[in-house]
Amino acid sequence: MTEAMPDTRWFYLCTEDDLAVPNAFVTTRVGAVPLVAQNLKGRVVAFRNVCTHRFAVIHDDPSGCGPLRCPYHGWTFDAEGVPVGLPFNPTDFQLNAEGRRRLALNPASLARCGRLVFVRVATEGPSLEEQLGSGLFARLSALSEDFPRSGEPGETGDGLDDGSGEAWERFEAANLRVALRPGQALRLEALPPPGAAERFARTGNFLPAHTDTERPA
Ligand code: FES
């Protein structure tokens, strides 16, 4: 794996399912930089989660569903990051189209490994596959396709433990701790990126696509 500066390092954020519906968003922080990935009219895009008007954080929650709208003066941003809804613009801000384009949100980078979504601060840098290494990238991608169903938090079901037992194979990828029971369950524990609070940690249990009756005992 290639070591890179934090701004150019990729961090696991969530699965595609978490961003599947319009206005779904997931946030994190890398160092001092808040990031957000959001579904805007079907496009999933990533920005610095900071309003360009007075630099307020736009989405404070780790995840949710709602417009990409700053809580302070209500500016709403589109998939290009351009503010398109500005309450009281004629009297308070008087921004024309060019002025609004200049105040577009700062983009961040988003990449997928199978059904897994990663983000980073920098817009340029090594690809996610380069960071992970092609072997690990391919394995993680395949696993994400093999285990598409979300399980109960902290409980993988059918007598499986929480991923800490000896029966599990374990490896790491970026900020992910992966625990695997082949054919039975996949557990993803995402550590918060450097500088991020514990509330940005995420744990998910995933089960095979086949039905409960087909699942191995
Ligand atoms: S600080 Fe975001 S709209 Fe004013």
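Keep in mind it's a predicted model, so treat the numbers as computed, not measured.

## Remarks on unusual backbone geometry
Part 1 of the reasoning: Phi is positive for asparagine 23, close to 80°, though the residue is something other than glycine.
Part 2 of the reasoning: In this structure, asparagine 23 sits in the loop between strand S1 (11-15) and strand S2 (24-30).
Part 3 of the reasoning: On the accessibility criterion, asparagine 23 (27% relative accessible area) is partly exposed.
Part 4 of the reasoning: Even without glycine at this site, lysine 41 takes up a positive phi of about 55°.

## Observations regarding the pattern of salt bridges
Part 1 of the reasoning: Scanning the entire structure with this criterion turns up 8 salt bridges.
Part 2 of the reasoning: Where glutamate 80 meets arginine 43, a salt bridge forms, and the shortest distance between an N and an O atom there is 2.9 Å. Of this pair, glutamate 80 sits in the loop between strand S6 (76-77) and strand S7 (83-85) while arginine 43 is found in strand S4 (residues 43-48), placing the two residues 37 residues apart along the sequence.
Part 3 of the reasoning: Note on arginine 43: relative accessible area 41%, which makes it partly exposed.
Part 4 of the reasoning: Ionic pairing is found between glutamate 189 and arginine 177, a salt bridge with its closest N-O pair at 3.8 Å.

## What to know about the pairing of strand S14 (residues 202-207)
Part 1 of the reasoning: Burial analysis of S14 places 5 of its 6 residues in the buried class, which makes it a mostly covered element.
Part 2 of the reasoning: Sheet topology note: the strand S10 (residues 149-150)/S14 ladder contains 2 bridges and is antiparallel. Among the inter-strand pairings, arginine 149 is bridged to a residue of S14, identified as leucine 207.
Part 3 of the reasoning: In terms of strand pairing, strand S13 (residues 185-190) meets S14 through 5 bridges, oriented antiparallel. Following the sheet pairing, leucine 186 is matched in S14 by phenylalanine 206.

## Focus: the confidence of the model for the protein chain
Interpretation of the predicted coordinates at a detailed level should be avoided for regions scoring low in pLDDT.
Part 1 of the reasoning: When the pLDDT values of the protein chain are averaged, the result is 91; 88% of them are 70 or greater.
Part 2 of the reasoning: In the predicted structure, residues 213-217 sits below a pLDDT of 50 and forms 10 contacts with residues beyond four places in sequence or in another chain.

## As for the sheet that holds strand S9 (residues 116-120)
Part 1 of the reasoning: Spatially, S1-S9-S8 is the arrangement adopted by the 3 strands of the open sheet, whose pairing is antiparallel. Each end of this open sheet is capped by a strand with a single partner; those strands are S1 and strand S8 (109-113). Pairs of neighbouring strands in the sheet enclose a mean axial angle of 35°, with direction left out of account.
Part 2 of the reasoning: Bridge analysis of S8 against S9 gives 5 bridges, and the strand direction is antiparallel. Note that in S9 the partner of arginine 112 across the bridge is valine 117.
Part 3 of the reasoning: Against the sheet, helix H4 (residues 134-146) makes contact with S8 and S9, and its axis sits at roughly 75° relative to S8, the strand it touches most.

What counts and how
Residues numbered from 1 in each chain as written. Predicted model: local features only at pLDDT ≥ 70, side-chain atom pairs only at ≥ 80, totals over all residues. Heavy atoms only, no water. Helix = DSSP H or I, 4+ residues; strand = E, 2+ residues; numbered from the N terminus. Buried < 20%, exposed > 50% of the residue type's maximum accessible area, 1.4 Å probe, protein only. Salt bridge = Lys/Arg side-chain N within 4 Å of Asp/Glu carboxyl O. Pairing = 2+ DSSP bridges. pLDDT = per-residue confidence, 0-100. Contact = heavy atoms within 4.5 Å. Axes fitted to C-alpha atoms, helices over the stretch in contact; angles between N-to-C directions.

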